[in-house]
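# A structural walkthrough
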Amino acid sequence: GLKRAVRVQAIASEPRVAVTSNNGAAPGTTLGDWSPESWRKRTAHQQPNYPDKEEVAKACGEIKSYPPLIFAGECRNLQERLAKAAVGEAFILQGGDCAEAFTQFSANQIRDTYRVLLQMSVVMMFGGGVPVVKLGRMAGQFAKPRSADLETKGDVSLPSYRGDIINGPEFTEQARIPDPWRLVRAYNQSAATLNLLRGFSTGGYAGLKRIANWNLDFMANSDEGKAYMDLARRVDEALQFMMACGLSSDSDIMSETEFYTSHECLLLDYEEALTRLDSTTNTWYDCSAHFLWCGERTRQLDASHVEFMRGIQNPIGVKVSDKMDPAELVSLIASLNPDNTPGRLAVIVRMGAEKLRAKFPALIEAVEQAGQVVTWVCDPMHGNTESCNGFKTRRYDNVRAEVEAFFDVHDAMGSVPGGVHLEMTGDNVTECVGGGSAVGEEDLNTRYHTHCDPRLNAEQSLEMAFYVASRLRQ
Ligand code: PEP
Ligand code: MN
């Protein structure tokens, strides 16, 4: 509300401490000895141990010769949207698979996740009254950090699965050997996915006039499906009204939407191969996705990932658990966003509801004291993973409780909730338990398809969108 907006203006206009001074130089031009390969001089955590380094160089050489997947100008547009989210004038919806997979790759899967994201964004826009920035965890979300290098079953230990861009999920010695040619396959799958997403976004599928067509068949009879259709009818009415007022039926919003892609910036050989000099600004962009984030396990200040990410000019994110302390966060933000550019950096908090209530206020306080502008995003998934009947799962109630805590803390602090980051799918999976869809613990084995972390299914995702909308409205 108003209180929030006023407070934010105060923060944005009079930083209490100057974070850095670059003597008025344009962002990205004061990077010192940064280069796309300067990360190689630091310690790179969570990288595969390829048996044949020459093959890696060959595969990366191939990718270096391929076209970029995105255009730098799109990243700058996204950054402007994210800057709006930092001050409460927009809200980010970031969502998709924990890990995309070579074997779960089809037009229908892409379309179903895309349309649930569209539905969620309409619910949040209509309920919350702010534009929603749609950011898929799609078209490149392949590499996974792992807590253990080895996976053990019975008396057999094999290297952990690290995502399809690195090795295979099957529990065999052969599948777990990192294969550099998977890099090329991941690039191609990303390009094909992005191509379809762009087609949906500008080809007419995503126009607001089709809002009632986005409901998924299997949701028609669920509470979420009905609530959505009810809202779609109200949006239709509002559009009719706007057209009566003069909004043209061939206005852009009736036929297209903006959609951006993102993934964890983990596998640095791949990210380096797609990092290109933008000819319009003479600065470097990682052209594998519009937005990249640094994971909780690779955010060490002196290590490779932070070194790489500080130099790319894409908008970026960093994941933060309860292990982060306030002073360390301020230093990390200063490294990743030395010019304090609004929209450049999202801090994606993931600690579970209880820890978030205890630890998040001090982080916000320290960042505000330092005069740093960040976009706060809530990832309610990664602090709520548990194991049940041999499956990794998450309880809808715990996920929702973390989102609730995130909004409560911001309300109490007068700071701004900028977005949510969800692992979700349009498929009717049974990976997370609870919510209106009432997936029980006993149902986990029926449609458990993820190779990595459990995702909200379409109904659970929509339910979450309605909850977020209710909080944005307040
Ligand atoms: C993820 O987003 O899938 C992930 C591994 O997150 P985190 O780095 O927060 O653990
Ligand atoms: Mn995950």
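Residues numbered from 1 in each chain as written. Chains lettered and ligands numbered in written order. Predicted model: local features only at pLDDT ≥ 70, side-chain atom pairs only at ≥ 80, totals over all residues.

### A word on the overall build of the chain
A count of helical and extended segments in the chain gives 13 helices and 14 strands. Taking 474 residues into account, the globule formula puts the C-alpha radius of gyration at 23 Å, and the chain, at 22 Å, falls close to it. Expressed as lengths along the three principal axes of its C-alpha atoms, the size of the chain is roughly 65 × 55 × 45 Å. Burial analysis of the chain (474 residues in total) assigns 46% to the buried set. Looking at the chain alone, contacts between residues at least 24 apart form 78% of all its contacts between residues at least 6 apart. (Helix = DSSP H or I, 4+ residues; strand = E, 2+ residues; numbered from the N terminus. Rg over C-alpha atoms; globule rule 2.2 N^0.38 Å. Buried ≥ 20, exposed ≤ 12 C-beta atoms within 10 Å, placed from the backbone. Contact = placed C-beta atoms within 7 Å.)

### Let's talk about the site of ligand 1
Taken together, C98, P145, E264, G295, E296, R297, K319, R350, H382 and D453 form the complete shell of residues around ligand 1. For the shell around ligand 1, the residue count by class is two nonpolar, two polar and six charged. (Near = placed C-beta within 6 Å. Nonpolar A, V, L, I, M, F, W, Y, C, P; charged D, E, K, R; others polar.)

### A word on the confidence of the model for the chain
Overall, the predicted model of the chain reaches an average pLDDT of 92, with 94% of residues at or above 70. Confidence scores differ between elements of the chain, with helix α1 (residues 2–13) showing the lowest mean pLDDT of 44 and strand β10 (residues 345–349) the highest of 99. Low confidence marks residues 1–22, where pLDDT is under 50. Its contacts with residues over four positions away, or in another chain, come to 28 contacts. Scored as a complex, the prediction yields pTM 0.93 and ipTM 0.99. (pLDDT = per-residue confidence, 0-100.)

### So, helix α11 (residues 353–369)
Residues spaced three or four apart along an α-helix face the same direction, because each turn holds 3.6 residues. Here α11 is 17 residues long and its end C-alpha atoms lie 24 Å apart, about the 24 Å a rise of 1.5 Å per residue gives. Listed as buried for α11 are A353, L356, F360, L363, I364 and V367. Looking at the packing, one finds that the buried side of α11 touches α10 (326–336), β10 and α12 (396–413). Downstream of α11 by one or two residues, G371 has phi in the positive range, about 70 degrees. (Expected span 1.5 Å × (residues − 1).)

### Regarding the nonpolar core
Judged by nonpolar contacts, the single largest core of 120 residues is most densely connected at L93, V123, M124, V347, V349 and V374. When residues in this core are grouped by element, the largest group, 10 residues, is from helix α4 (residues 107–128). (Core = buried A, V, L, I, M, F, W, Y, C linked by C-beta atoms within 7 Å.)

### So, the sheet that holds β10
The strands that make up a sheet pair up through hydrogen bonds in the backbone, lying either parallel or antiparallel. One closed barrel holds the eight strands; their spatial order is β1-β2-β5-β8-β9-β10-β11-β14, and the pairing between them is parallel. The average undirected angle you get between the axes of adjacent strands in this sheet is 25 degrees. Where strand β8 (residues 291–294) and strand β9 (residues 316–320) come together, three bridges link them in parallel fashion. The partner of L292 across the bridge, within β9, is I316. Helix-sheet contacts for α10 involve β9 and β10, and the interaxial angle to β9 is about 165 degrees. (Pairing = 2+ DSSP bridges. Axes fitted to C-alpha atoms, helices over the stretch in contact; angles between N-to-C directions.)

### Brief notes about helix α6 (residues 223–245)
Compared with the 33 Å implied by 1.5 Å per residue over 23 residues, the 33 Å span of α6 between its first and last C-alpha is a close match. A positive phi of about 125 degrees marks G246, the residue just after α6.

### Side note on the pairing of β9
Within β9, five of the five residues are buried, which leaves it mostly tucked inside the rest of the structure. By the alternation rule, side chains of β9 split into I316, V318 and V320 and G317 and K319, which are all buried. In this region the chain leaves β8, passes through helix α9 (residues 304–311) and returns to the parallel neighbour β9; the handedness of that crossover is right-handed. By the bridge criterion, five bridges tie β9 to β10 in an arrangement that is parallel. Note on β10: the bridge partner recorded for K319 is I348. (Right-handed = clockwise from strand over helix to strand, strands pointing away.)

### Some thoughts on the environment of K144
Locating K144 in the fold gives a position in the loop between β2 (132–137) and β3 (150–153). Between the C-alpha atom of K144 and that of L267, which follows or precedes it by 123 residues, the distance is 8.6 Å. The contacts of K144, once residues within four sequence positions are left out, are A99, R162, G163 and C452.

### A closer look at the environment of A83
Assignment of secondary structure puts A83 in helix α3 (residues 72–86). As a C-alpha pair, A83 and A346 span 263 residues in sequence and 9.4 Å in three-dimensional space. Ignoring sequence-local partners within four residues, the contact set of A83 consists of P342 and G343.

### Quick notes on the packing of α10 against α11
Viewed as axis vectors pointing N to C, α10 and α11 meet at an angle of 45 degrees, and their least axial separation amounts to 9 Å. What the angle tells us is that α10 and α11 run oblique. In the crossing of α10 with α11, the sense of the turn from one axis to the other is right-handed. Contact with α10, carried on its side by P326, A327, L329, V330 and I333, involves A362, L363, A366 and V367 of α11 and no other residues of that element. Residues of the contact of α10 with α11, tallied by class, amount to nine nonpolar, no polar and no charged. (Parallel < 35°, antiparallel > 145°, perpendicular 65-115°, else oblique. Left-handed = near helix turned anticlockwise from the far one by under 90°.)

### A word on the environment of D453
The topology assignment puts D453 in the loop between β14 (417–423) and α13 (458–473). A residue is classified by how many C-beta atoms lie within 10 Å of it, and D453, with 18 of them, is partly exposed. When the C-alpha atoms of D453 and G163 are compared, they prove to be 11 Å apart, with 290 residues separating the residues in sequence. Not counting residues within four places of it along the chain, the set of residues in contact with D453 comprises C98, M381, T385, K392 and E423.

### Some remarks on unusual backbone geometry
If a residue is not glycine, its phi is most likely negative; likewise, a peptide bond is most likely trans. Even without being glycine, A139 reaches a positive phi, approximately 60 degrees. A139 gets classed as buried once you count the C-beta atoms within 10 Å, which come to 29. A positive phi is found at N389, a non-glycine position, where the angle reads about 50 degrees. Mapped onto the fold, N389 is located in the loop between β12 (386–388) and β13 (391–393).

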